[in-house]
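Residues per chain, in single letters:
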Amino acid sequence: MPTERRSNINKGGVQGINYGSGPQAAGGRNAKVTITQHTPAASDLPPAQAALADAVISLRADLARLRDHSPQAVSDYDADYADETLAEAEEESVQLEPSRNMLRQRVHAVAGALVSVGQLAAGVASLQNAYDALFPAP
């Protein structure tokens, strides 16, 4: 069953938004818009895609645990960058048709940011392997 995410956006002076058949809004200074985005549940994804999503989620959790228990193991800059990049990869990895290029860029960016963090080496390798399985080289 698909999951559903809702975002409440409160932008002053919203007059109108129309993205094809996507969300539409109109209103005044305190207009409130609710956007609903449906993403497939992990069980609805092909196995290779689900494995990539799982690898992203797992590495992100490992990074958070490492930051809690050993804050000096990774710089704040690299950890923040990796976490933000993994969040983007997580969101993309569960799309019906994930972008190969976007995910490739995110996987390489995370690997680069965390290359020197030995405690996360297995998670980074799993992420890279899952990407390669989903998008084999031509």
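Residues numbered from 1 in each chain as written. Predicted model: local features only at pLDDT ≥ 70, side-chain atom pairs only at ≥ 80, totals over all residues. Heavy atoms only, no water.

**Q** So what exactly am I meant to see when it comes to the overall build of the protein here?
**A** When its secondary structure is counted, the protein shows 4 helices and 4 strands. What you see in the protein, going N to C, is helices and strands ordered as β-β-β-β-α-α-α-α. If you take every contact in the protein between residues at least 6 apart in sequence, the share linking residues at least 24 apart comes to 66%. For the protein, the exposed area adds up to about 8,600 Å²; of that, 50% sits on carbon and sulfur atoms. (Helix = DSSP H or I, 4+ residues; strand = E, 2+ residues; numbered from the N terminus. Contact = heavy atoms within 4.5 Å. Areas by Shrake-Rupley, 256 points an atom, 1.4 Å probe, with all protein chains shown as cover.)

**Q** What's the story with helix H3 (residues 100-114) in this structure? I'm lost.
**A** Side chains three or four residues apart in an α-helix point the same way, a direct result of the helix having 3.6 residues per turn. Relative to the 21 Å expected for 15 residues at 1.5 Å per residue, H3 spans 21 Å between its end C-alpha atoms, a close match to the ideal helical length. Listed in full, the buried residues belonging to H3 are Met102, Leu103, Arg106, Val107, Ala109, Val110, Ala111, Ala113 and Leu114. (Expected span 1.5 Å × (residues − 1). Buried < 20%, exposed > 50% of the residue type's maximum accessible area, 1.4 Å probe, protein only.)

**Q** What is the right way to look at the pattern of salt bridges in this model?
**A** Once the charged atoms of two side chains with opposite charge are near each other, the side chains can pair. Tallying each qualifying case throughout the model produces 6 salt bridges. When the shortest N-O distance is used, the salt bridge between arginine 60 and glutamate 90 registers 3.2 Å. One end of the pair, arginine 60, is in helix H1 (residues 47-69); the other, glutamate 90, is in helix H2 (residues 76-93), and 30 residues separate them in sequence. For glutamate 88, the salt bridge is made with arginine 106, and the minimal N-O distance between the two is 2.7 Å. In this pair, glutamate 88 is assigned in helix H2 and arginine 106 in helix H3, connecting sequence segments 18 residues apart. Salt bridges linked by common partners bring Arg60, Asp83 and Glu90 together as one network. (Salt bridge = Lys/Arg side-chain N within 4 Å of Asp/Glu carboxyl O.)

**Q** Before we go on, may I ask you to explain the confidence of the model for the protein in this structure?
**A** Summing up the model confidence of the protein, the mean pLDDT is 80 and the portion of residues at 70 or higher is 69%. Throughout residues 33-38 the model reports pLDDT below 50, and contacts reaching past four residues in sequence, or to other chains, amount to 21 contacts. (pLDDT = per-residue confidence, 0-100.)

**Q** Would you mind going over the environment of aspartate 78 with me for this structure?
**A** Within the secondary structure, aspartate 78 sits in helix H2. Sequence-wise, aspartate 78 and leucine 114 are 36 residues apart; in three dimensions their C-alpha atoms are separated by 7.0 Å.

**Q** It is not clear to me how the side chain of glutamine 49 should be interpreted in this structure. Could you clarify?
**A** Structurally, glutamine 49 is set in helix H1. Owing to a relative accessible area of 4%, glutamine 49 belongs among the buried residues under this scheme. From its side chain, glutamine 49 meets the backbone oxygen of glutamine 95 in a polar contact 2.7 Å long. The contact partners of glutamine 49, leaving out residues within four places of it in the chain, are Ser93, Val94, Gln95, Leu96, Pro98 and Leu134. (Polar contact = N/O pair within 3.5 Å; in protein donor to acceptor, adjacent residues only side chain to side chain.)

**Q** Can you walk me through the packing of H1 against helix H4 (residues 121-134) in this structure?
**A** Any two packed helices are characterised by the angle at which their axes cross and by the distance between the axes. Between H1 and H4, whose axes approach to 8 Å, the crossing angle comes to 160°. Comparing the axis directions of H1 and H4 gives the class roughly antiparallel. Between H1 and H4 lies a crossing of left-handed hand. Residues Ala48, Gln49, Ala51, Leu52, Ala55, Val56 and Leu59 of H1 form the contact with H4, whose participating residues are Gly123, Val124, Ser126, Leu127, Ala130, Tyr131, Ala133 and Leu134. By residue class, the composition of the contact of H1 with H4 is 12 nonpolar, 3 polar and no charged. (Axes fitted to C-alpha atoms, helices over the stretch in contact; angles between N-to-C directions. Parallel < 35°, antiparallel > 145°, perpendicular 65-115°, else oblique. Left-handed = near helix turned anticlockwise from the far one by under 90°. Nonpolar A, V, L, I, M, F, W, Y, C, P; charged D, E, K, R; others polar.)

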